[in-house]
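Close look at the chain arrangement
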Amino acid sequence: MLDNELNNLRQTALPAIKVADAAALEELRVALMGKSGSVTALLKSLGGMEAEARKAAGAEINLLKTEITEALTARRTLLDAAALEAKLAAERLDVTQPPRPDPTGAIHPLSRTTEEIAAIFSAMGFSIKDGPDIENDWNNFSALNIPEHHPARAMMDTFYLNATFGNRPAVLRTHTSPVQIRTMLNQTPPIRIIVPGRTFRSDHDATHSPMFHQCEGLVIGEGITLGHLKGCLIDFLSAFFEIPNLPVRLRSSYFPFTEPSMEVDIGWNRKTGEIGGGTDWLEIGGSGMVHPNVLANCGIDPRKYQGFAFGVGLERITMLKHGMPDLRPFYESDIRWLRHYGTSPLTPASLHEGL
Ligand code: DAH
């Protein structure tokens with residue numbers, strides 16, 4: 001009686017499983033192994049049997065159960081693989097199709113510089129941050145160790161706004177350094193960031209624009225030294241100017257937010273304008289070891305953590321790299337200038353291709 005049932009089930013279930021599609025397979029699984037499935041019913045019937053008979057029947061039923069389970073799994077695997085194949089075939093994308101360049105578009109040299117800097121520093125493990133153009137005077141000055149009546153505050157020709165920001169007087173940020181503060185207030189060391197962005201000063205002539213761009217760098221950790229700063233700047237500058245062994249000089253200076261502070265100079269030839277050659281030096285930014293007061297202002301223990309920071313002018317290094325004589329066309333949207341100095345959008349900045 002039981003043998004018959006087992007045989008019938010085996011003869012109908014196994015071939016049915018072999019040809020089922022996904023939906024039918026699930027239906028079969030429920031009909032066989034579900035709560036009121038036929039295999040489950042057989043197992044339940046064991047309860048009413050004598051011990052001896054139950055042992056023999058139990059072995060038989062479990063054997064069938066295993067066969068059915070294996071058949072279900074095998075079919076499911078086959079159907080899944082087929083479904084994936086079909087999906088891949090349907091979503092096939094021909095990446096060999098050549099792009100169609102738009103002959104009128106170009107990347108602005110400043111955007112290009114920003115992309116290149118991002119590529120170089122990403123490879124060194126930095127992440128990229130930004131902050132608002134409108135700042136309050138605490139982030140822009142006080143937290144950076146520039147006290148209220150200190151002459152350093154007057155050194156930057158600040159645009160003050162007739163407004164407040166975070167309960168403090170609002171300014172157009174005069175440098176990207178306030179993003180150091182924003183980052184240190186919100187992140188615990190180790191910190192390794194660069195901040196490319198717009199900056200503003202009330203200053204206008206052939207080499208100054210009231211709106212210009214800087215890139216800040218900040219590294220905070222345990223045991224960070226001036227050696228790390230110098231190595232980092234050398235690697236960055238020689239990658240950016242694409243000159244191996246570019247001469248880089250750190251020259252003692254003063255910034256309120258660093259101690260010691262240094263101007264960053266690169267070697268060039270004043271007569272020919274050639275970068276990396278000659279015996280002259282050209283200043284391209286400021287740098288130093290983050291002042292303990294700045295760390296403390298941001299709730300970072302200066303006895304445990306040290307760090308370095310730097311800031312470079314993006315127009316400045318862009319002009320130097322491409323031999324541009326004048327700053328003003330950067331913001332004039334002159335299509336002839338953009339065609340001449342712009343880069344194709346199809347050549348993204350990449351260290352693999354060389355910048
Ligand atoms: N914030 C300075 C400026 O705009 C540049 C600068 C100097 C930034 C030294 C730094 C630094 O981070 O360490 O003139």
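Residues numbered from 1 in each chain as written. Predicted model: local features only at pLDDT ≥ 70, side-chain atom pairs only at ≥ 80, totals over all residues. Heavy atoms only, no water.

Points about the nonpolar core
- Ile117, Leu237, Phe241, Ile266 and Ile317 are the most contacted members of the largest nonpolar core, which has 40 residues in total.
- Of all elements in the fold, only α5 (109–123), β6 (211–221), α9 (226–240), β7 (248–253), β8 (258–268), β9 (280–290), β10 (306–313) and α11 (314–322) reach the threshold of two or more residues within this core.
- When residues of this core are assigned to their parent elements, the largest contribution, six residues, is made by α9.
- Beyond its immediate chain neighbours, meaning those up to four positions away, Ile117 contacts Ile194, Cys215, Phe236, Phe240, Leu314 and Ile317.
- Grouped together as the second largest cluster of nonpolar side chains are 22 residues, Ile146, Met184, Phe257 and Cys298 included. (Core = buried A, V, L, I, M, F, W, Y, C linked by side-chain atoms within 4.5 Å. Buried < 20%, exposed > 50% of the residue type's maximum accessible area, 1.4 Å probe, protein only. Helix = DSSP H or I, 4+ residues; strand = E, 2+ residues; numbered from the N terminus. Contact = heavy atoms within 4.5 Å.)

Quick notes on the domain arrangement of the protein
- By the assigned domains, the protein splits into domain 1 (2–90) and domain 2 (109–354).
- The centre of domain 1, based on its C-alpha atoms, is set 69 Å off from the matching centre of domain 2. (Domains from an automatic or database assignment.)

Focus: the sheet that holds β10
- With respect to topology, seven strands assemble into an open sheet ordered β1-β5-β6-β10-β9-β8-β7, the strand pairing being mixed. Lying at the two open borders of the sheet, with one neighbouring strand each, are β1 (127–128) and β7.
- As paired strands, strand β5 (residues 191–200) and β6 are joined by ten bridges and run antiparallel to one another. From the neighbouring strand, Phe200 faces β6, where its bridge partner is Met211. (Pairing = 2+ DSSP bridges.)

Side note on the packing of aromatic side chains
- According to the stated counting rule, one finds nine aromatic pairs in the structure shown.
- Judged by centre distance (5.0 Å) and plane angle (85°), the ring pair of Phe240 and Phe241 falls under edge-to-face. Phe241 carries the same exposure label as Phe240, and that label is buried.
- When the ring of Phe255 is compared with that of Phe257, the centres are 5.8 Å apart and the planes differ by 20°; the resulting orientation is stacked.
- By the ring-pair criterion, three or more aromatic residues cluster together here, those being Phe121, Phe126, Phe236, Phe240, Phe241 and Phe310.
- Directly above the aromatic system of Phe240 lies the positively charged group of Lys321, at a separation of 4.5 Å from the ring centroid. (Phe/Tyr/Trp six-rings, centres within 6.5 Å; stacked < 30°, edge-to-face > 60°. Lys NZ or Arg CZ within 6 Å of the ring centre and 35° of its normal.)

A look at the side chain of His213
- You can see His213 is positioned in strand β6.
- Within polar-contact distance, the side chain of His213 engages the side chain of Glu315 at 2.8 Å. (Polar contact = N/O pair within 3.5 Å; in protein donor to acceptor, adjacent residues only side chain to side chain.)

Thoughts on the packing of helix α2 (residues 22–33) against helix α4 (residues 51–90)
- Put simply, α2 and α4 touch, their axes get as near as 11 Å, and they point 165° apart. If you check the angle between α2 and α4, you find them roughly antiparallel. Between α2 and α4 lies a crossing whose hand is left-handed. For the pair α2 and α4, the contacting residues are Ala22, Leu25, Glu26, Arg29, Leu32 and Met33 in the first and Lys65, Ile68, Thr69, Leu72, Arg75, Arg76 and Leu79 in the second. (Axes fitted to C-alpha atoms, helices over the stretch in contact; angles between N-to-C directions. Parallel < 35°, antiparallel > 145°, perpendicular 65-115°, else oblique. Left-handed = near helix turned anticlockwise from the far one by under 90°.)

Some remarks on the side chain of Thr40
- The residue Thr40 is located in helix α3 (residues 38–45) in this model.
- Judged by relative accessible area, Thr40 falls into the buried class, the value being 19%.
- Engagement of the side chain of Thr40 in a polar contact is seen with the backbone oxygen of Met33, the distance being 3.3 Å.
- Apart from the residues lying within four places of it in its own chain, the contact partners of Thr40 are Leu32, Met33, Gly34 and Lys35.

Quick look at unusual backbone geometry
- Put simply, Pro189 and Pro190 share a cis peptide bond, and its omega is 5°.
- You can see Pro190 is positioned in the loop between α8 (178–186) and β5.
- Here the bond from Glu259 into Pro260 is cis, since omega is -5°, no more than 30 degrees from zero.
- You can see Pro260 is positioned in strand β8.
- In this structure, Asn167 takes a positive phi of about 65° despite not being glycine.
- If you trace the backbone, Asn167 turns up in the loop between β3 (160–165) and β4 (168–172).

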